[in-house]
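# Inside the fold
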Amino acid sequence: MSASETPAGPATFEFTADNLALAQRIIAKYPEGRQASAVMPLLDLAQRQHDNWLPRAAMDYVAGMLGMAPIRVYEVASFYTMYNLKPVGKHFVQVCTTTPCWLRGSDEVLAACKRKLGIGPGETTADGQFTVVEVECAGACVNAPVISLNDVYYEDLDGPSTEALLDTLIRGETPKPGPQNGRINSAPIGGPTTLTEMAQRNGVKPASQE
Amino acid sequence: MPKLTIDGIELEVAPGTSVLQACEQLGIEVPRFCYHEKLSVPANCRMCLVEMEKAPKPIASCAMPCGEGMVIKTDTDTVHKARKGVMEFLLINHPLDCPICDQGGECDLQDQAVGYGFDRGRYGEEKRAVKDKNLGPLIKTIMTRCIHCTRCIRFSDEIAGVSVMGATGRGEHMEIGTYVEAAVSSELSGNLVDVCPVGALTSKPYAFTARPWELRKTESVDVLDAVGSNIRIDTRGGEVLRILPRLNEAVNEEWISDKTRYAHDGLKRQRLDRPYIRENGKLRAASWEEALALTAAKLKGAAPEKIAAIAGDLADAESLLALKDLLGGMGVASLESRQDGSAIDAASRAGYIFNSTIAGIEQADQILLIGTNPRWEGALVNARIRKRYLQGGLTVTVLGPRVDLTFPIEHLGNDATLLNAIADGSHPYAETLKAAKKPLLILGSGALARPDGAAVWAAARAVAEACGLVREDWNGFNVLHRAASRVGALDLGFLPAKGGRDLAGILDGARKGEVEVVYLLGADEIDAQNFGRAFVIYQGHHGDRGAHRADVILPGAAYTEKNATYVNTEGRAQHTRQATFPVGEAREDWKIIRALSGALGKPLPYDTLQQLRKRLADANPVFAQVDRVTPAAWGAFGTAGAVAAAPFTLPVENFYMTDAISRASATMAECTEAFVSPAVAERTGTHG
């Protein structure tokens, strides 16, 4: 990995006033002389401020703020896959393809992305609206397969529901987060099978007991 | 003191010794790639696996401290199988390009693959390839060969003090490099080539030049600064092909500066290969007889007070003594070896050497740098200060221009009068120095070359005396010289005798016609146009500034071409050894002076190097103590007086070109272009 493989980005980068205050609070969590420990949250903050990707200027800025050699920051930023060193679309579609999601049909989800957006993993649509990437376990295996769209999880997907999800986004609307097949969180399909009375009190219809 | 058993041999080691070091003490060789004695221990190559009793699996011996009652086995089937496995993984992505690799023949991976490699690959997948990086004019990279030992990262981080190397990406995509396109801007960068165990980082100027088994190796000493780094000169067929460091814990450990390592191509350019005589304003080739006869005639024809001699920065002790004996015997008093106009003299040996020794820096807890940039004036001294800094508990204070020394400094300012203030206790820093356990000051040679150099010298002595730098068991007064010849010349008293002229006096006298003959022994750092109408004899090895003005040129030998003695800034006498012959008709310097004494009809009383060395030892006993530092008795030196308020200026403007050899070097010119010119342009705003 080297800088020549990534876009140059802006010449300078600075935190906004709000983010600067937040950055100071993050740095203050670490004992004196251990400020470099704040590098990961600060990089995340910089990435959120800068359209979800980290230009070199931002990494240098964080390095200067923490008194680190810039290369030490490049090492961290290039090691972790959740830091984007290239621009990504407004909707950053992270499709989990690790075993549980794959067994439950993540191939279908990826294929739906390809059908709808015309891009495969690692690509960005020409209008800069969508980037699709494959990610390792998103940690929501009970609701596999899963897409993490920016910070929001869309779960229990299949081909058609993924297409519907993307359609909603293309229309400029915000789809309802969570399971896309009618499940409530990670409760069984069809409704709760335990704690049924509590479910009824909360207005949820339990699974029919036959 | 833990006691352990290695391969059935019981031994006791110092606490903190690693298993690998304990094995080395027994002479058991443990293969390794990432472990390096001078660097931190990451234990990431896994090649040094050994078996430890009661451990469920092999352990990395470099990172395992010896414990009481440990039983280690280094030669079992498990160990061999484990190491073979590691080697097979290392070789998965390593190209099989040994025949075209510069590391071939001195490659750790190659050597260890003989012992632990498999005779075929079992890996059928695609190999990975890595783009090469541009690390500047000295280091060539072929990154596909890299085995990720991270020695280069640790070296640049820990020893060189420039954190530019790193490992970016992860897993299969991990790459060693600088991430951003950047040359490794360190005066120690050449050592990266040495620490790299494979052919990923190799020497750019030496690329495709020779194989190690073709080279003749000569152990010698570097003279391009006053540190006296120990070097090994590799030659083939009368040509110096490369220079490598040689281990000397007291001086350079196992590093050398880039100038030491790469300036040797200057030995092939601009050489004076035969005598020359100036006729009608033009130099013409001449024979030795002619040149010596002319020189002798001119020396005989002038009155002794109208003759002067100036010795240069690369002059060896033998030729200095011979010239002093020859001219001194004729009654010449104007001998000068301080061609920077320094006020230093031989009043007290403790006043002009690095008393605490370079290794002694590691004991200091407070260092005051006066008008010096040790990074450029003695790169290995700076590396030693950095080593001490990394151990913790050291404060470095700078009086002089603020420069990046690779470690944090406290800046007192750049007002030379502060020296007086510290000496009389009116400056608060005096208390800091007094409170320190082992305080140390380093006086730059540039500070002594000021018009008030003698007062600066005396003021530094006053600081040393007032603040307790000089004690029974500790002498923290140090002068950091730049010229390899300087301490030797001072030890021999190659200085104006009674009634003699110093540098300014010689130049002045030459302009006014009062000095008629000037003998330059490799003196190139003075503006030779100042010699007026004087007859200039130049003895040296490069057609540099001195030779351009010369009326007769006596071609001498460079430091790789003669057996000579140099005294480093610590006062340590060391011998260079002849690795090649002088070019053309050039001769060893002392022999030229001996021949000249014959032509003058006053032959010097030594015909062999042994006789001359004996004479050297008689002249000053330090020359008999080769490679040892004799502590010098403290005495008075300098001229008490007020130090002028002028700020200190640094004498070295370009680290890569400080003498006739490095000025002739193409590699050093490239380094200047890459590292110095951009910085100068930035400072003066002359670019674009």
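The name recorded for chain B in an unreviewed UniProt entry is NADH-quinone oxidoreductase, from Nitrospirillum viridazoti CBAmc. Quoted verbatim from the Sequence similarities (unreviewed entry) field of the UniProt record, the comment on chain B reads "Belongs to the complex I 75 kDa subunit family." Its UniProt record, at the heading Function (unreviewed entry), says of chain B: "NDH-1 shuttles electrons from NADH, via FMN and iron-sulfur (Fe-S) centers, to quinones in the respiratory chain. Couples the redox reaction to proton translocation (for every two electrons transferred, four hydrogen ions are translocated across the cytoplasmic membrane), and thus conserves the redox energy in a proton gradient."

Per an unreviewed UniProt entry, the recorded name for chain A is NADH-quinone oxidoreductase subunit E, and the organism is Nitrospirillum viridazoti CBAmc. UniProt lists a comment for chain A under the heading Catalytic activity (unreviewed entry), and it reads "a quinone + NADH + 5 H(+)(in) = a quinol + NAD(+) + 4 H(+)(out)". Here chain A is described in UniProt, under the heading Sequence similarities (unreviewed entry), as follows: "Belongs to the complex I 24 kDa subunit family."

Attention now moves to the overall build of chain B. Per the secondary structure count, chain B includes 21 helices and 26 strands. The C-alpha radius of gyration of chain B comes to 27 Å, within 12% of the 26 Å expected for a compact globule of 688 residues. Taken along its principal axes, the extent of the C-alpha atoms in chain B is 85 × 60 × 60 Å. Buried positions account for 59% of the 688 residues belonging to chain B. Within chain B, contacts between residues at least 6 apart in sequence are counted, and of these 69% link residues at least 24 apart.

Take the sheet that holds strand β5 (residues 152-155) of chain A next. Residue and element names in this part refer to chain A. Read across the open sheet, the six strands follow the order β2-β3-β1-β4-β5-β6; overall the sheet is mixed. Every interior strand has two partners, whereas the edge strands, β2 (123-124) and β6 (178-179), have only one. Pairing analysis gives six bridges linking strand β1 (residues 91-96) to strand β3 (residues 130-135), with the strands arranged parallel. Pairing of histidine 91 across the sheet is with phenylalanine 130, part of β3.

Turning our attention to the domain arrangement of chain A. Think of interface size as the accessible area that goes away when the parts come together; that is how it is often given. Along its sequence, chain A is organised into domain 1 (3-79) and domain 2 (91-179). If you average the C-alpha positions of domain 1 of chain A and of domain 2 of chain A, the two centres end up 28 Å apart.

Residues and elements named next belong to chain B. Of the pairings in the sheet, the one linking strand β13 (residues 276-279) to strand β14 (residues 282-285) comprises four bridges and is antiparallel in character. Looking at β14, one finds that tyrosine 276 is bridged to alanine 285. Two successive antiparallel strands, β13 and β14, enclose a turn made up of two residues, where asparagine 280 displays a positive phi of approximately 50 degrees.

Residues and elements named next belong to chain B. If you trace the five strands from one edge of the open sheet to the other, you get β2-β1-β5-β3-β4, paired in mixed fashion. Pairing within the sheet leaves two strands with one partner each, and these edge strands are β2 (9-12) and β4 (59-60). Alignment of strand β1 (residues 3-6) against strand β5 (residues 71-73), held across two bridges, turns out to be parallel. Opposite threonine 5, over in β5, you have valine 71 as the bridge partner. Against the sheet, helix α2 (residues 77-92) engages β3 (49-52) and β5, with an angle of about 150 degrees to β3.

In this section: the domain arrangement of chain B. When cut into domains, chain B gives domain 1 (3-92), domain 2 (276-343 + 486-624) and domain 3 (344-482). Between the C-alpha centres of domain 1 of chain B and domain 3 of chain B the distance comes to 43 Å.

Another aspect to go through is the interface of chain B and chain A. Across the contact, 16 residues belong to chain B and 16 residues belong to chain A. Both sides together, the interface formed by chain B and chain A hides about 1,400 Å², and carbon and sulfur atoms give 54% of it. In terms of surface lost to chain A, no three residues of chain B exceed Arg170, Tyr179 and Val180 of chain B, which account for 50% of the buried area on that side. Across the chain B-chain A interface, the total number found is six residue pairs in polar contact (both at pLDDT 80 or more).

A word on the UniProt feature "domain: 4Fe-4S His(Cys)3-ligated-type" (unreviewed entry) in chain B. Here the UniProt feature "domain: 4Fe-4S His(Cys)3-ligated-type" (unreviewed entry) sits at residues 78-117 of chain B. The span residues 78-117 of chain B is 60% helical and 0% strand by assignment, and the distance between its end C-alpha atoms comes to 15 Å.

This part covers the nonpolar core. Phe33, Ile72, Phe155, Ile367, Val381, Ile385 and Ile442 of chain B are the most contacted members of the largest nonpolar core, which totals 107 residues. Counting residues in each nonpolar core, the second largest holds 81 residues, with Ile344, Ala416, Leu433 and Cys467 of chain B among its members.

Residue and element names in this part refer to chain B. Summed over all chains, the structure comprises 59 salt bridges over all chains. For aspartate 119, the salt bridge is made with arginine 120, and the minimal N-O distance between the two is 2.9 Å. When its relative accessible area of 61% is taken as the criterion, aspartate 119 is described as exposed. Among the residues examined, arginine 120 registers a relative accessible area of 53% and is labelled exposed. When the shortest N-O distance is used, the salt bridge between aspartate 340 and arginine 486 registers 3.4 Å. Of this pair, aspartate 340 sits in the loop between β16 (334-336) and β17 (366-370) while arginine 486 sits in helix α15 (residues 486-491), and the two are 146 residues apart along the sequence. By relative accessible area, aspartate 340 is classed as partly exposed at 24%.

Attention shifts here to the UniProt feature "binding site: [2Fe-2S] cluster" (unreviewed entry) in chain A. All names here are of chain A. This chain's UniProt record puts "binding site: [2Fe-2S] cluster" (unreviewed entry) on Cys96, Cys101, Cys137 and Cys141. Taking the farthest pair of C-alpha atoms as the criterion, the annotated set spanning 46 residues converges on one region, since that pair is 9.4 Å apart. Along the polypeptide, cysteine 101 turns up in helix α5 (residues 99-103). Excluding residues that lie within four positions of it along the chain, cysteine 101 makes contacts with Cys96, Ser106, Ala144, Pro145 and Val146. Structurally, the position occupied by cysteine 141 is in the loop between β3 and β4 (147-149). What makes cysteine 141 partly exposed here is its relative accessible area of 37%.

Turning to unusual backbone geometry, a few remarks are in order. Here alanine 144 of chain A and proline 145 of chain A are connected by a cis peptide whose omega angle stands at -10 degrees. For proline 145 of chain A, the position within the fold is in the loop between β3 and β4. If you check the backbone angles, arginine 46 of chain B has positive phi at about 65 degrees while not being a glycine. Taking the relative accessible area as the measure of exposure, arginine 46 of chain B reaches 37% and is therefore partly exposed. A positive phi angle, near 65 degrees, is found at tyrosine 179 of chain B, a position not held by glycine. Within the element layout of this structure, tyrosine 179 of chain B appears in the loop between β8 (175-177) and α5 (191-195).

Before going further, it helps to examine the packing of helix α1 (residues 17-28) of chain A against helix α3 (residues 56-66) of chain A. All names here are of chain A. Interaxial distance between α1 and α3 falls to 12 Å at its minimum, and their mutual angle equals 50 degrees. When the interaxial angle is binned, α1 and α3 end up oblique. The handedness of the crossing between α1 and α3 is right-handed. Between α1 and α3, the contacting residues are Leu20, Ala23 and Ile27 on the first element and Tyr61, Met65 and Leu66 on the second.

On to a nonpolar patch on the surface, then. On the surface, a cluster of nonpolar side chains totalling about 230 Å² of accessible area is made up of Met40, Phe79 and Tyr80 of chain A. Residue class for tyrosine 80 of chain A comes out partly exposed when judged on its relative accessible area of 34%.

Turning to the packing of aromatic side chains, a few remarks are in order. Tallied over the full model, the rule gives 15 aromatic pairs over all chains. Over the aromatic face of phenylalanine 118 of chain B sits the side chain of arginine 122 of chain B, whose NZ or CZ is 5.9 Å from the ring centroid. The ring of phenylalanine 79 of chain A has arginine 170 of chain B lying over it, and the distance from NZ or CZ to the ring centre is 4.5 Å.

Below, the discussion takes up the pairing of β5 of chain A. All names here are of chain A. Bridge count between β4 and β5: three bridges; the pairing is antiparallel. Note on β5: the bridge partner recorded for serine 148 is tyrosine 153. In textbook terms, the turn of a hairpin is the stretch between consecutive antiparallel strands, and for β4 and β5 this stretch comprises two residues, one of which, asparagine 150, has a positive phi near 50 degrees. Handedness of the β5-helix α7 (residues 159-170)-β6 crossover: left-handed.

Let's shift gears to the side chain of aspartate 316 of chain B. Residues and elements named next belong to chain B. Considering the arrangement of structural elements, one finds aspartate 316 in the loop between β15 (307-311) and α8 (317-330). Aspartate 316 sits in the buried class, given a relative accessible area of 2%. Every residue in contact with aspartate 316, bar those within four places of it in the chain, is listed here: Lys562, Ala564, Thr565, Tyr566 and Asp589.

On to the confidence of the model for chain B, then. Mean pLDDT over chain B: 94, with 99% of residues reaching 70 or higher. Interface confidence for the predicted complex, expressed as ipTM, amounts to 0.88; the pTM equals 0.92.

Rules behind the numbers
Residues numbered from 1 in each chain as written. Chains lettered and ligands numbered in written order. Predicted model: local features only at pLDDT ≥ 70, side-chain atom pairs only at ≥ 80, totals over all residues. Heavy atoms only, no water. UniProt positions renumbered as here; feature names shortened; annotations may be inferred. Helix = DSSP H or I, 4+ residues; strand = E, 2+ residues; numbered from the N terminus. Rg over C-alpha atoms; globule rule 2.2 N^0.38 Å. Buried < 20%, exposed > 50% of the residue type's maximum accessible area, 1.4 Å probe, protein only. Contact = heavy atoms within 4.5 Å. Pairing = 2+ DSSP bridges. Domains from an automatic or database assignment. Axes fitted to C-alpha atoms, helices over the stretch in contact; angles between N-to-C directions. Buried area = accessible area lost by both parts, 1.4 Å probe. Polar contact = N/O pair within 3.5 Å; in protein donor to acceptor, adjacent residues only side chain to side chain. Core = buried A, V, L, I, M, F, W, Y, C linked by side-chain atoms within 4.5 Å. Salt bridge = Lys/Arg side-chain N within 4 Å of Asp/Glu carboxyl O. Parallel < 35°, antiparallel > 145°, perpendicular 65-115°, else oblique. Left-handed = near helix turned anticlockwise from the far one by under 90°. Patch = residues over 30% accessible without salt bridge, like charges linked within 9 Å, V, L, I, M, F, W, Y side chains within 5 Å. Areas by Shrake-Rupley, 256 points an atom, 1.4 Å probe, with all protein chains shown as cover. Phe/Tyr/Trp six-rings, centres within 6.5 Å; stacked < 30°, edge-to-face > 60°. Lys NZ or Arg CZ within 6 Å of the ring centre and 35° of its normal. Right-handed = clockwise from strand over helix to strand, strands pointing away. pLDDT = per-residue confidence, 0-100.

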